[in-house]
Number of protein chains: 2
Amino acid sequence: MTNEELLVATAVGSWKQIIGRADSVIAKYTDEQLDRHVAPGRNRVRYLIGHLVAIDDRLFPSLGIGERLYEKLDAAYVTNPDGTLPDPVSTEELKKAWFDVHSKLTAAFEQMTAAQWLERHTAVSAEDFAKEPLRNRLAMMLSRTNHVSMHLGQALLAK
Amino acid sequence: MTNEELLVATAVGSWKQIIGRADSVIAKYTDEQLDRHVAPGRNRVRYLIGHLVAIDDRLFPSLGIGERLYEKLDAAYVTNPDGTLPDPVSTEELKKAWFDVHSKLTAAFEQMTAAQWLERHTAVSAEDFAKEPLRNRLAMMLSRTNHVSMHLGQALLAK
């Protein structure tokens, strides 16, 4: 492997490590555990998982690797705070959505070259990107990885 | 910049983004806020900050960029659970330790080349590294970045 390939594989490896940790936690959640709040008055675990699915689902169009799959989660888990709307999907469907989005993203990431990771994502204009080349697809992927870590850390507090 | 340089700068940019977010949260903490628990029966914010300082401090020797600065935090914030030992440093000293470790790490990271990031860290043997080249310094830095995100997400729940 070239240095470029090793750097990209290491960054994708970081994503896979965090998603793998989340996978094993999420796979075991019961209905009742998903309805627990991470702390008194804070979000339910179910809200955080739905939120991560909906946000990471946006990586498909943002990174130019596909269409969104779970836009139907946005209203309940992104645009409104927890408890505003009824849960739009069952526990089984929520888990399926998590695994579907993240396994498809990982498969797409494993095919991307260094040059592709260094292209701009759709949230930055071509003009801005010319001045700020670090606002690339890799930056967005690493940011989403940390976003998963942040909420996974919170979900692990629920009891 | 070459692709290698852009990939490395993007990864270091991810570290800087998360550490910057933590910096602004930590700078504002009062004594009283640091003593809050992130959830009932869970760690105090102070413990999490001390834990992150002590763990990230180990990056100096692990990445071959210096000696440890705050080994004295290990007993209270790494090897023992919260509440076992008295806090070894004051609030002011804890904040100073956070900024000291993280600003020095960032300065060192900004000087490292792609080839250096792809070297092995000291937690992997030369023999294992020959078989698993993704267990490199970049992988360890990205892992620590996610570790900060995980506990920062928890700290943000304290109220």
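Note: the structure precedes this text.
Every chain begins its residue count from 1, and numbering advances along the sequence as written. By the order in which they are written, chains take letters starting at A while ligands take numbers starting at 1. Only residues with pLDDT of at least 70 get local features here, since the model is predicted, and only at 80 or more are side-chain atom pairs given and counted; chain-wide, interface and lining totals rely on the full set of residues. In computing side-chain values, all of the structure's heavy atoms are included and hydrogens and water are not.

A. Geometry of the interface of chain A and chain B. Taken residue by residue, the interface counts 36 residues in chain A and 36 residues in chain B. For any pair of parts, buried area is found by adding up, for both, the accessible area (1.4 Å probe) each one loses once the two are put together. For the pair chain A and chain B, the two sides together bury roughly 3100 Å², of which 68% comes from carbon and sulfur. Taken as a group, L7(A), N146(A) and L157(A) account for 20% of the area that chain A buries against chain B, more than any other trio of residues on that side. Of all the secondary structure elements, the ones that give two or more residues to the side of chain A that touches chain B are α1 (3-28), α7 (114-117) and α9 (137-155) of chain A. At eleven residues, the largest contribution of residues to the side of chain A that touches chain B is made by α1(A). Residue composition of the side of chain A that touches chain B, by class: 21 nonpolar, twelve polar and three charged. In what follows, residue pairs with any heavy atoms lying within 4.5 Å of each other are defined as contacts. Only DSSP runs of H or I with at least four residues qualify as helices, and only runs of E with at least two residues qualify as strands; both kinds are numbered from the N terminus onward. Under the grouping applied here, Gly and all other residues not named as nonpolar or charged are polar, the nonpolar ones being Ala, Val, Leu, Ile, Met, Phe, Trp, Tyr, Cys and Pro and the charged ones Asp, Glu, Lys and Arg.

B. Spatial organisation of the environment of A75(A). Along the chain, the position of A75(A) falls in helix α5 (residues 74-79). When sequence neighbours within four positions are dropped, the list of residues in contact with A75(A) reads N80(A) and L85(A).

C. Focus on the packing of α1(A) against helix α1 (residues 3-28) of chain B. Geometry is summarised by axes, namely lines fitted to C-alpha atoms with helices restricted to the contacting stretch, and by angles between N-to-C directions that run from 0 to 180 degrees. In contact at an axis separation of 9 Å, α1(A) and α1(B) are set at 20 degrees when each is read in the N-to-C sense. On the basis of their axis angle, the class for α1(A) and α1(B) is roughly parallel. Handedness of the crossing formed by α1(A) with α1(B): left-handed. For the pair formed by α1(A) and α1(B), the contact residues are N3(A), E4(A), L7(A) and V8(A) on the first element and N3(B), E4(B), L7(B) and V8(B) on the second. Just so you know how the angles are binned, under 35 degrees is roughly parallel, over 145 roughly antiparallel, 65 to 115 roughly perpendicular, and the rest oblique. We call a crossing left-handed when the near helix sits turned anticlockwise from the far one by less than a right angle, and right-handed when that turn is clockwise.

D. Quick peek at the side chain of H51(B). All names here are of chain B. Note on placement: H51 falls in helix α3 (residues 45-57). Residue class for H51 comes out buried when judged on its relative accessible area of 15%. Among the polar contacts listed, one links the side chain of H51 to the side chain of H147, at a separation of 3.3 Å. Here the term buried applies to any residue with accessible area under 20% of the maximum for its type, exposed to any over 50%, and partly exposed to those in between, with areas from a 1.4 Å probe on protein chains only. Polar contact is the term for a pair of N or O atoms within 3.5 Å; when the atoms are in protein, one must be able to donate a hydrogen and the other to accept it, and sequence-neighboring residues count only if both atoms are side-chain atoms.

E. Broad picture of the relation of the copies chain A and chain B. Rotating chain A by 180 degrees about the axis while translating it 0.0 Å along that axis superimposes it on chain B, leaving an RMSD of 0.0 Å. Expressed as a symmetry operation, the mapping of one chain copy onto the other fits a two-fold axis. Minimal C-alpha separation from the rotation axis in chain A is found for M150(A), amounting to 2.1 Å. A least-squares fit on C-alpha atoms brings the copies together, and the residues used are those whose pLDDT is at least 70 in both copies.

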